[in-house]
Amino acid sequence: MGFHLLAIRRASFTARQEISKFVEVPKGYLAVYVGEKQKRFVIPISYLNQPSFQDLLNQAEEEFGYNHPKGGLTIPCSEEVFQHITSSLNE
């Protein structure tokens, strides 16, 4: 019985960790999914006003409409392109 309870606790802890990865986004930030592997990035919402990022949003709208497969905003570009664009926004 002790082993069974320990397994349940571990499973519960793992489930909470998985959920928290997707739930915890600081105020003023937005989670987006990018690339073939749908890597999650947390970005400042101020990026939404930038013309280069708005181009990415337009591409996302054209490809996915408002139905994003991960439930969050999915950006249809490679991780390298996304990181290049967002690094230029940080300068």
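Here the structure is a predicted model, which means the values were calculated and not measured.

A.B. asks: What exactly am I supposed to notice about the packing of aromatic side chains here?
C.D. replies: Enumeration according to the criterion identifies three aromatic pairs in this entry. Centroid distance Phe41 to Phe82: 4.9 Å. Interplanar angle 45 degrees. Geometry classified as tilted. You can see Phe41 sitting in strand β2 (residues 39-44) and its partner Phe82 sitting in helix α3 (residues 79-90), a full 41 residues away along the chain. What makes Phe41 buried here is its relative accessible area of 14%. Taking the relative accessible area as the measure of exposure, Phe82 reaches 1% and is therefore buried. Here the aromatic rings of Phe53 and Phe82 are separated by 6.2 Å at their centres, their planes lie at 65 degrees, and the arrangement is edge-to-face. Here Phe82 lies in helix α3 and Phe53 lies in helix α2 (residues 51-64), a separation of 29 residues in the sequence. Through a chain of ring-to-ring contacts, three or more aromatic side chains come together here, namely Phe41, Tyr47, Phe53 and Phe82.

A.B. asks: Even after reading the chapter, I still don't get the sheet that holds strand β1 (residues 29-34), so can you show me in this structure?
C.D. replies: Each strand in a sheet pairs with its neighbour through backbone hydrogen bonds, running either in the same direction (parallel) or in the opposite one (antiparallel). One open sheet accounts for three strands, arranged β2-β1-β3; its pairing is mixed. In this open sheet, the two edge strands, each paired with only one partner strand, are β2 and β3 (73-75). Neighbour-to-neighbour, the strand axes of the sheet open up by a mean angle of 40 degrees, direction not taken into account. Taken together, the three bridges between β1 and β3 define a ladder with parallel strand orientation. When the sheet's bridge partners are listed, Tyr33 is paired in β3 with Thr74. The strands touched by α2 within the sheet are β2 and β3, with β3 carrying the most contacts at an inclination of about 105 degrees. On the sheet, α3 packs against β1, β2 and β3 and is oriented at approximately 10 degrees with respect to β2.

A.B. asks: Is there a simple way to think about the nonpolar core in this case?
C.D. replies: Looking at soluble globular proteins, one finds that nonpolar side chains tend to be buried together. Counting residues in hydrophobic clusters, the biggest one holds 13 residues, and the most contacted among them are Val32, Val34, Ile43, Phe53, Leu56, Ile75 and Phe82. Elements supplying a minimum of two residues to this core: β1, β2, α2, β3 and α3. Looking at which element gives the most residues to this core, the answer is α3, with three residues. Residues in contact with Ile75, not counting those within four places in the same chain, are Val32, Tyr33, Val34, Gly35, Phe53, Leu56, Leu57 and Phe82.

Calculation criteria
Residues numbered from 1 in each chain as written. Predicted model: local features only at pLDDT ≥ 70, side-chain atom pairs only at ≥ 80, totals over all residues. Heavy atoms only, no water. Phe/Tyr/Trp six-rings, centres within 6.5 Å; stacked < 30°, edge-to-face > 60°. Helix = DSSP H or I, 4+ residues; strand = E, 2+ residues; numbered from the N terminus. Buried < 20%, exposed > 50% of the residue type's maximum accessible area, 1.4 Å probe, protein only. Pairing = 2+ DSSP bridges. Axes fitted to C-alpha atoms, helices over the stretch in contact; angles between N-to-C directions. Contact = heavy atoms within 4.5 Å. Core = buried A, V, L, I, M, F, W, Y, C linked by side-chain atoms within 4.5 Å.

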